[in-house]
Amino acid sequence: MLTRREFAASLLGVAGAALLAAAPSRADTPSLNDLARRSGRVFGAAMRADQLAAEPALRKAAAAECGMLTPEIHLKWNSIENRKGSIWYEPVDQLVAFAARNGQKVYGHALLWEQSTPDWALRELKARRNWRLVSDHFERVLGRYGETIEVWDVVNEPIDTQGGRQGLRRNTFHRVFGPGYIAHALETARHYAPRARLMLNDYSFEYDNHVEADRRKTFLRLVADLKGRGVPLDGVGLQAHLDLGKGPLKRPVIAPFMQALADMGLEIYITELDVKERDYRATPQTRDARVADEVARYLDIALDQKAVKGVTTWGLSDRHSWLRIERGDRIDRKRYGNPAPNRGLPYDAAMQPKPMHQALAQAFSGGLT
Ligand code: 9MR
């Protein structure tokens, strides 16, 4: 069977495809979300209200390109209630209002994540071992946003096949409530948001290595167990933080994993797409081409799966990417200067679209733009 890109290329011929790829963008060029919508999908990006407020170019791109926005931090417990009892909805409300003005949906990220749980709550959970703490938080957030926001990451990053227990991360929730905390969280979310679609969101499912193979297997086992017991789970978020240091993406690895999820009746969102470069010893043009190729390769596989309902990048601009240049990365300052920032998002730090933008556009068009 031809892949989507091969099919497009076969229609156009190589020269035609190159011409189209080189066509300058025009004012009436469809946005990424326009293109995603043609196949019944949505394109989104993670955003912060403060960055939107401060940067007109970011605001313009977010409004134009996206059909959905994910609050990058504002819905997290340590943003909503960093100090016990002092509740801060303002940045969420700003983002929700921005989305409403632009006809965009909001993706609910994330109700329960150890790393974004405030210290006071972790302390109280350990001391009191009382689920009420979690359910009060869910009640508050879902009571306010459970109708406007249709899809929620209920538990974020529950898998840990290396240091975990039977594949589940040994976080405070697991320690205090046992492995049943995941089902419990989903049931609690269903109680306070009966119409919302409830998801588990996790990372490192893409590459052909032992760790990620274990993670895929464990995630499928967890999800199958929850579905088998009738726990309210509607879908999964696959973060898709791609990494150029992890070897080629392979269809026979990714496609069956996604198919297994789809076969369980789950919807799939690609929730945090970006690309970590690792080897920075190249010109920006070469780096951008590598990033774009990785995204093209991933989406070529992912968008063949009908259960994939949307693709969200973890930000729009490299300027705000969480990805940092790390110890162990390969750099050559003498030849290429300072490599920062990582160039793994569709717009560069000056808000110019890069080849990754084109790769997204082409992927949503089935290879044709
Ligand atoms: O990008 C987010 C960063 O700005 C926050 O400081 C951090 C902690 O809240 O979360 C980052 O987003 C993470 C997401 O919520 C879950 N998957 C991994 C993301 C990158 O760390």
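Remember, it's a predicted structure, so these values are computed and weren't measured experimentally.

Procedures and definitions
- Residues numbered from 1 in each chain as written.
- Predicted model: local features only at pLDDT ≥ 70, side-chain atom pairs only at ≥ 80, totals over all residues.
- Heavy atoms only, no water.
- Helix = DSSP H or I, 4+ residues; strand = E, 2+ residues; numbered from the N terminus.
- Buried < 20%, exposed > 50% of the residue type's maximum accessible area, 1.4 Å probe, protein only.
- Contact = heavy atoms within 4.5 Å.
- Lys, Arg positive; Asp, Glu negative; His and termini not counted.
- Charge placed at Lys NZ, Arg CZ, Asp CG, Glu CD.
- pLDDT = per-residue confidence, 0-100.
- Expected span 1.5 Å × (residues − 1).
- Arc of directions from axis to C-beta.
- Near = heavy atom within 4 Å.
- Polar contact = N/O pair within 3.5 Å; in protein donor to acceptor, adjacent residues only side chain to side chain.
- Areas by Shrake-Rupley, 256 points an atom, 1.4 Å probe, with all protein chains shown as cover.
- Nonpolar A, V, L, I, M, F, W, Y, C, P; charged D, E, K, R; others polar.
- Axes fitted to C-alpha atoms, helices over the stretch in contact; angles between N-to-C directions.
- Left-handed = near helix turned anticlockwise from the far one by under 90°.
- Salt bridge = Lys/Arg side-chain N within 4 Å of Asp/Glu carboxyl O.

A. The arrangement of the overall build of the protein in detail. What the protein contains, in helices and strands, is 15 helices and 9 strands. Viewed in the frame of its principal axes, the protein has a C-alpha envelope of about 65 × 45 × 45 Å. The buried share among the 369 residues of the protein stands at 53%. Across the protein, every contact between residues at least 6 apart in sequence was considered, and the portion connecting residues at least 24 apart equals 79%. Between the mean site of the 54 positive side-chain charges and the mean site of the 45 negative ones, the protein shows a separation of 2 Å.

B. Region of the structure containing the confidence of the model for the protein. The predicted model of the protein has a mean per-residue pLDDT of 93, with 92% of residues at 70 or higher. Overall, residues 5-26 carries pLDDT values under 50, and its contacts beyond four positions in sequence, including any with other chains, amount to 17 contacts.

C. Up close: helix 12 (residues 251-263). Compared with an ideal rise of 1.5 Å per residue, which puts 13 residues at 18 Å, helix 12 spans 17 Å between its outermost C-alpha atoms and is within 8% of the ideal. Buried within helix 12 we find Val253, Ile254, Phe257, Met258, Leu261 and Ala262. For helix 12, the angular spread of the buried residues around the axis is 150°, confining them to a single face. Away from its buried face by more than 90 degrees, helix 12 exposes Pro252 and Asp263. Looking at the buried side of helix 12, the elements it contacts are helix 11 (210-228), strand 6 (235-238), strand 8 (267-276), helix 13 (284-302) and strand 9 (308-313). Positive backbone phi, approximately 80°, marks glycine 265, located one or two places after helix 12.

D. Local environment of the environment of leucine 75. By the element assignment, leucine 75 lies in the loop between strand 2 (68-71) and helix 5 (77-80). Taking C-alpha positions, leucine 75 is 29 Å from glutamine 305, a pair spaced 230 residues apart along the chain. With residues up to four places along the chain from it excluded, the contact list for leucine 75 reads Ile80, Val92, Tyr107, Gly108, His109, Ala110, Val141, Tyr145, Ile149 and Trp152.

E. Structural detail: the site of the ligand. Glu72, Ile73, Lys76, His109, Trp113, Asn156, Glu157, Gln239, His241, Glu272, Trp314 and Trp322 make up every residue found near the ligand. Within the contact set of the ligand, an oxygen atom lies 2.6 Å away from a side-chain nitrogen or oxygen of histidine 109. Within the side chain of glutamine 239, an N or O atom sits 3.3 Å from a nitrogen atom of the ligand. Protein chains bury 76% of the 460 Å² of accessible surface belonging to the ligand in isolation. Among the residues forming the shell around the ligand, the class breakdown is 4 nonpolar, 4 polar and 4 charged.

F. Quick peek at the packing of helix 8 (residues 132-145) against helix 10 (residues 181-192). Contact pair helix 8 / helix 10: the axes reach a minimum separation of 9 Å and the direction vectors enclose 35°. At the point where helix 8 passes helix 10, the crossing takes the right-handed sense. When helix 8 is examined against helix 10, the residues Arg132, Ser135, Phe138, Glu139 and Leu142 are found in contact with a partner set consisting of Ala185, Thr188, Ala189 and Tyr192. A class-by-class count of the residues in the contact of helix 8 with helix 10 yields 5 nonpolar, 2 polar and 2 charged.

G. Quick peek at unusual backbone geometry. The peptide bond linking histidine 109 to alanine 110 adopts the cis configuration, its omega dihedral lying at -5°. Summarising the element assignment, alanine 110 is placed in the loop between strand 3 (105-108) and helix 7 (119-128). Residues alanine 340 and proline 341 are joined by a peptide bond in cis, for which omega reads 0°. Looking at the element boundaries, proline 341 is found in the loop between helix 14 (333-336) and helix 15 (355-364). Positive phi outside glycine occurs at arginine 129, with the angle close to 50°. If you trace the backbone, arginine 129 turns up in the loop between helix 7 and helix 8.

H. Focus on the pattern of salt bridges. Throughout the structure, instances matching the rule amount to 29 salt bridges. Among the salt bridges present, the one from arginine 132 reaches aspartate 136, with a minimum N-O distance of 3.0 Å. Residue arginine 132 and its partner aspartate 136 are both found in helix 8; the two are separated by 4 residues, about one turn of the helix. We classify arginine 132 as partly exposed; its relative accessible area is 40%. One salt bridge connects arginine 195 with glutamate 147, and the closest N-O pair in it is separated by 2.9 Å. Of this pair, arginine 195 sits in the loop between helix 10 and strand 5 (197-202) while glutamate 147 sits in the loop between helix 8 and strand 4 (151-156), and the two are 48 residues apart along the sequence. Salt bridges sharing partners connect three or more residues here, namely Asp243, Lys276, Arg278, Glu326 and Asp329.

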